[in-house]
Amino acid sequence: MGPSGAGKSTFLDAVAGRIASGSLKGRVSLDGMEMSPSLIKRTSAYIMQDDRLFPMLTVYETLMFAADFRLGQISTAEKIQRVEKLIEQLGLSSSRNTYIGDEGTRGVSGGERRRVSIGVDIIHGPSLLFLDEPTSGLDSTSAHSVIEKVHDIARSGSTVILTIHQPSSRIQLLLDHLIILARGQLMFQGSPKDVALHLGRMGRKVPKGENSIEHLIDVIQEYDQSEFGVEALAEFVQTGMKPPPLSDEQMSMLTVEPTPPSRPHDHRHQRHDNQSPDHRNGRRLHLQASVHSANDEFDHSLRSPYSNSSRSWTPSRSGVMQALGFTPSRQKDDPKMQAAMSASPGSYYAYSSEILQETPTPHSSDYTVNENDYLTPNIGPNAVGSLQNLGPKFANSFFPETWMLMRRNFKNIQRTPELFLSRLMVLTIMGVMMATMFMRPKADNQGITNRLSFFIFTVCLFFFSSNDAVPAFIQERFIFVRETSHNAYRASSYTIAGLVTYLPFLLVQAGVYALIVWKALKLRGPFLYFLLVLYVSLLSTNSFVVFVSSVVPNYILGYAAVIAFTALFFLFCGYFLNSHDIPVYWKWMNKFSTMTYPYEGLLMNEYQTDAIFGTSENPGEPTITGNEILSGLRISTHESDKWKNVLIMLGWAILYRILFYLVLRFASKNQRK
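Owing to the predicted nature of the structure, the values given are computational and were not obtained by experimental measurement.

Quick notes on the rules
- Residues numbered from 1 in each chain as written.
- Predicted model: local features only at pLDDT ≥ 70, side-chain atom pairs only at ≥ 80, totals over all residues.
- Heavy atoms only, no water.
- Phe/Tyr/Trp six-rings, centres within 6.5 Å; stacked < 30°, edge-to-face > 60°.
- Helix = DSSP H or I, 4+ residues; strand = E, 2+ residues; numbered from the N terminus.
- Buried < 20%, exposed > 50% of the residue type's maximum accessible area, 1.4 Å probe, protein only.
- Lys NZ or Arg CZ within 6 Å of the ring centre and 35° of its normal.
- Core = buried A, V, L, I, M, F, W, Y, C linked by side-chain atoms within 4.5 Å.
- Pairing = 2+ DSSP bridges.
- Axes fitted to C-alpha atoms, helices over the stretch in contact; angles between N-to-C directions.
- Contact = heavy atoms within 4.5 Å.
- Parallel < 35°, antiparallel > 145°, perpendicular 65-115°, else oblique.
- Nonpolar A, V, L, I, M, F, W, Y, C, P; charged D, E, K, R; others polar.

A. Region of interest: the packing of aromatic side chains. In the structure shown here, the tally under the stated rule is 35 aromatic pairs. Aromatic pair Phe480 and Tyr494: ring centres 4.8 Å apart, planes at 45°, arrangement tilted. Residue Phe480 is located in helix α20 (residues 469-484), and its partner Tyr494 is located in helix α21 (residues 491-521); the two are separated by 14 residues in the primary sequence. We classify Phe480 as buried; its relative accessible area is 2%. Cluster of aromatic residues (ring-pair linked, three or more members): Phe463, Phe544, Phe547, Phe565, Phe569, Phe572, Tyr585, Trp586, Trp588, Phe592, Trp652 and Tyr656. Sitting above the plane of the Phe478 ring, Arg52 keeps its charged end 4.2 Å from the centroid. In this structure, Arg96 is placed above the aromatic ring of Tyr60, and the distance from its NZ or CZ to the ring centre is 4.1 Å.

B. Up close: the nonpolar core. Within the largest apolar cluster, 79 residues are counted, with the highest numbers of intra-cluster contacts made by Phe454, Phe455, Phe530 and Tyr607. Ranked by residues supplied to this core, first place goes to helix α22 (residues 527-551) with 14 residues. In this structure, Val108, Val150, Leu178 and Ile180 belong to the second largest nonpolar core, which totals 56 residues.

C. Fine view of the sheet that holds strand β3 (residues 44-47). What the three strands build is an open sheet, ordered β3-β4-β5; its pairing is parallel. For this open sheet the edge positions go to β3 and β5 (159-163), each flanked by a neighbour on one side alone. Pairwise comparison of adjacent strand axes, ignoring direction, gives a mean angle of 10° for this sheet. Two strands pair when backbone bridges link them, and strand β4 (residues 128-132) and β5 are joined in this way by five bridges, in the parallel orientation. What sits directly across from Asp132, in β5, is Thr163. Most of the contacts of helix α1 (residues 8-15) go to β4, to which it runs at about 155°, and overall it touches β3, β4 and β5.

D. Main features of unusual backbone geometry. Of note in this structure, Glu133 is not a glycine but carries a positive phi near 45°. Its location among the elements puts Glu133 in the loop between β4 and α6 (140-155). Here the phi dihedral of Asn487 falls at roughly 60°; this positive angle occurs in a residue that is not glycine. Its location among the elements puts Asn487 in the loop between α20 and α21. Here Asn487 falls in the buried class, since its relative accessible area comes to 6%.

E. Structural detail: the packing of helix α19 (residues 445-464) against α21. The interhelical angle for the contact between α19 and α21, taken along N-to-C directions, is 170°, at an axis separation of 13 Å. As judged from the angle between their axes, α19 and α21 are roughly antiparallel. Contacts between α19 and α21 pair Arg451, Phe454, Thr458, Leu461 and Phe462 from the former with Ala510, Tyr513, Val517 and Leu521 from the latter. In terms of residue class, the contact of α19 with α21 is made up of seven nonpolar, one polar and one charged.

What follows is the structure, encoded as structure tokens:
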């Protein structure tokens, strides 16, 4: 808990393994064993602030797909039973068959959507559950309902760690253990009922009728705006040295002075290195100036050389991570510790029975927290081995997993047919326009030019028709990151499922356009080859657009990148300059352009013949055959080269899908740096 910018989310990300290796100092251990990304993925679930769910799936369908991904090869009846029980536990029975919804589609309420997000990640019973501000954006009743369900999850055997901004008193009663942060430093750790005791030892009694946690937050804010800073309170937590009292002048100035705005969430809040006193003093220069103007002869700061205190100032350790893990050792037979434990009856409770069996949690903050306090008593090699041997990495094998993803994709397409139908409508209308515009070409040079224009426009049309896939995947990418961050399924199965799902839809689009223009324009060559070129062209283009959308951070940059590459591909495809006339230093762009191969393939299918396509108006001038047209354009007249172009297009499609997979596998990790 703590105000905005306190370092709550950073701390949660640190213990949840969501900070990139090398970007975090300190150590995270589970029962004394160093936490690895593999271990944290298999034993925990992380629920983000934003609810990343498919809007056109119902509550029941969303949880059933989560059960399919997480519960492995158990029977469908057992999965249904588990989902029905979870729906009842989360209070979602009334909205069971309601769509999740989004800005454009009415669905469940905000509180219900948050509970569905929680349900998706707890369907498999994780031992550790992390939640980042689960009450954010909810009204008081919805927030309490969400935390109440989370409280039930904790009581059922999972360890729940959550960040929360400023919970109501009702929510505070549900909390077992509390860590309060300010500017990345530890202000309090222990049972919420011990906050008043903590304040009393600090010399700040809780006024009658006031909430002790809210009063502590006020005290933290007072010190944060004073010359002493929150470091004085952090020192009290670690060493027991009382913070210097604030003078009446300082208190009165603090009440007059407006609270500074929350600082951006940067490295100062979750510090990994000790800051110098000058830096900390410089941060509050305006307040110090006011203090010194009232009494220029005395500096209240403990760091001041004029301070007559015999106690030395000990800088706080680097960040909350080390404050929790590397405090001075204190054994459980320490009298102060025993007194602390007796002062807080019922101060031990059991963590998850699956991973942390009988692990005690000290609730009292009367003593310096020691890392050993959190180890399972008498832990043996068998217990440690159980942490290392957690079964298979994924709940399902590759093919069942791919089929589950395909079923979900088909259901989403069925519920949101706009993307497919809009493409089909565009290609149908453009096919009719092309068929009527280029009908009955003249048997002269202008007729040949018109036919070439038809082919290049067809290639461009098919390329542009895939551009609308950019925002579609970018919206889905956040769901992919959330689901794969804890091994719901493989990136490879997701890539294959996405490809196979769209194959029939791409075939329908290519087939409709081909049927419209083929007869009307009396095109020659095999119809099946014409259809195949259009189909594979759509496939390679779609693969390219999906790859680009996986690299860019948002759809605006995605559109810009696709349009830029489309212009380059169009320029170097061989229509404006044939491949022999392109300067030698740009020839590689002709090979790189994915428009080159469908354009040449369509021309080969039309003109690989000795039939006459152009006759001169002057009787003495020769006629032009199809092979002569291809030779003039420096395009092969060999039949086998037609199929070579198809194979190259397939190669580009496969390459872009492989690149897409590599981006998903290695560059789509939800980690901060």
